[in-house]
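Here are the chains, one letter per residue:
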Amino acid sequence: MGPWGLQRGGGRRGPARPPAEKAAEILMRLPKKGSVLKKRLVKLVVNFLFYFRTDEAEPIGALLLEHCRIAKEEENVFSISFIEEPERKYCFECDSEEQCREWIEALKRASYEFMRRSLIFYRNEIQKMTGKDPLEQFGISEEARFQLGTRKPESPGLG
């Protein structure tokens, strides 16, 4: 049994794995020289994008979706590259433009930084409407990670 809680034969036991927020079989090309598009099962779980061979239960790799750029490439294609290593680009080819747009949106919303900005934005909106800090009841309202800092709250881009 692996870290996914799967036994051979597909039965589950042990702690449940988190459900995938999005999953599909799409074509994927790794950033290695000479890499070709291969069909992979791709699963988005929180801020990780796991990829699997289509006939295997264990992932063959994962991308942490932090400090990365998700970009639309040619038709039905998007890419993920990392700010520290822009030449390290993963390409994904979808079945349709609609599927491609859905993946881009889901991936952009998956990062911790996006979720933090969303929390700060909505915290500020609720405070303006009610006059109360919604985080106060949890005893975390003073934590630095939930502060706006000197920047004006920006909309997290929800749509």
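Refer to the preceding data block for the structure.
The shown structure was predicted, so the numbers you read here are calculated from the model rather than taken from an experiment. (Residues numbered from 1 in each chain as written. Predicted model: local features only at pLDDT ≥ 70, side-chain atom pairs only at ≥ 80, totals over all residues. Heavy atoms only, no water.)

Colleague: Just to check I follow, could you spell out the overall build of the protein chain for this structure?
Modeller: When helices and strands are counted, the protein chain shows 2 helices and 7 strands. The contacts of the protein chain with a sequence gap of at least 6 include a subset with a gap of at least 24, amounting to 42%. Surface exposure of the protein chain reaches about 10200 Å², of which carbon and sulfur atoms provide 52%. (Helix = DSSP H or I, 4+ residues; strand = E, 2+ residues; numbered from the N terminus. Contact = heavy atoms within 4.5 Å. Areas by Shrake-Rupley, 256 points an atom, 1.4 Å probe, with all protein chains shown as cover.)

Colleague: Help me understand the environment of S79, please; the structure alone is not making it clear to me.
Modeller: Considering the arrangement of structural elements, one finds S79 in strand β6 (residues 77–82). Judged by relative accessible area, S79 falls into the buried class, the value being 1%. S79 sits 25 residues away from I104 along the chain, and the two C-alpha atoms are 8.8 Å apart. Contacts of S79, omitting those with residues within four sequence positions, involve R69, I70, A71, E73, K89, Y90 and C91. Side chain to side chain, S79 and E73 meet in a polar contact 2.6 Å long. (Buried < 20%, exposed > 50% of the residue type's maximum accessible area, 1.4 Å probe, protein only. Polar contact = N/O pair within 3.5 Å; in protein donor to acceptor, adjacent residues only side chain to side chain.)

Colleague: How should unusual backbone geometry be read in this particular structure?
Modeller: Glycine aside, residues mostly have negative phi, and peptide bonds are mostly found in the trans state. With phi around 55 degrees, H67 is a residue other than glycine that occupies positive phi space. With respect to the secondary-structure elements, H67 resides in the loop between β4 (61–64) and β5 (68–72).

Colleague: Can you walk me through the sheet that holds strand β3 (residues 48–53) in this structure?
Modeller: Picture the strands of a sheet paired through backbone hydrogen bonds; they go either parallel or antiparallel. Across the sheet, 7 strands lie side by side as β4-β3-β2-β1-β7-β6-β5; this open sheet has antiparallel pairing. The open sheet is flanked by β4 and β5, the only strands paired with a single partner. In this sheet, adjacent strand axes meet at a mean angle of 35 degrees when their direction is disregarded. Inspection of the sheet shows β3 paired to β4 by 4 bridges, in the antiparallel sense. Counterpart to F50 in the pairing with β4 is A62. Together, β1 (22–29), β2 (38–45), β3, β5 and β6 form the strand contacts of helix α1 (residues 97–108), whose direction differs from that of β1 by roughly 105 degrees. (Pairing = 2+ DSSP bridges. Axes fitted to C-alpha atoms, helices over the stretch in contact; angles between N-to-C directions.)

Colleague: Looking at this structure, I do not really get the pattern of salt bridges. What am I missing?
Modeller: A side chain of one charge can pair with a side chain of the opposite charge if their charged atoms are brought near each other. In total, this model carries 9 salt bridges according to the counting rule given. Between R109 and E105 there is a salt bridge, and its shortest N-O distance comes to 3.7 Å. Take E105: its relative accessible area is 39%, and that puts it in the partly exposed class. Linking R116 and E113 is a salt bridge whose minimum nitrogen-to-oxygen distance equals 3.2 Å. Residue R116 and its partner E113 are located together in helix α2 (residues 112–130), separated by 3 residues, close to a single helical turn. (Salt bridge = Lys/Arg side-chain N within 4 Å of Asp/Glu carboxyl O.)

Colleague: Just checking my understanding: could you explain the packing of aromatic side chains for this structure?
Modeller: Each aromatic ring pair is specified by the distance between its two centres and by the angle formed by the two planes. Summed over the entire model, instances satisfying the criterion amount to 4 aromatic pairs. Their ring planes at 10 degrees and their centres at 4.9 Å tell us that F78 and F92 sit as a pair that is stacked. Of this pair, F78 sits in strand β6 while F92 is found in strand β7 (residues 85–93), placing the two residues 14 residues apart along the sequence. Note on accessibility: F78 and F92 belong to one class, buried. Here F121 and Y122 contribute two aromatic rings whose centre-to-centre distance is 5.1 Å and whose plane-to-plane angle is 80 degrees, an arrangement assigned as edge-to-face. Looking at F121, the relative accessible area reads 17%, which means it is buried. Y122 sits in the partly exposed class, given a relative accessible area of 36%. (Phe/Tyr/Trp six-rings, centres within 6.5 Å; stacked < 30°, edge-to-face > 60°.)

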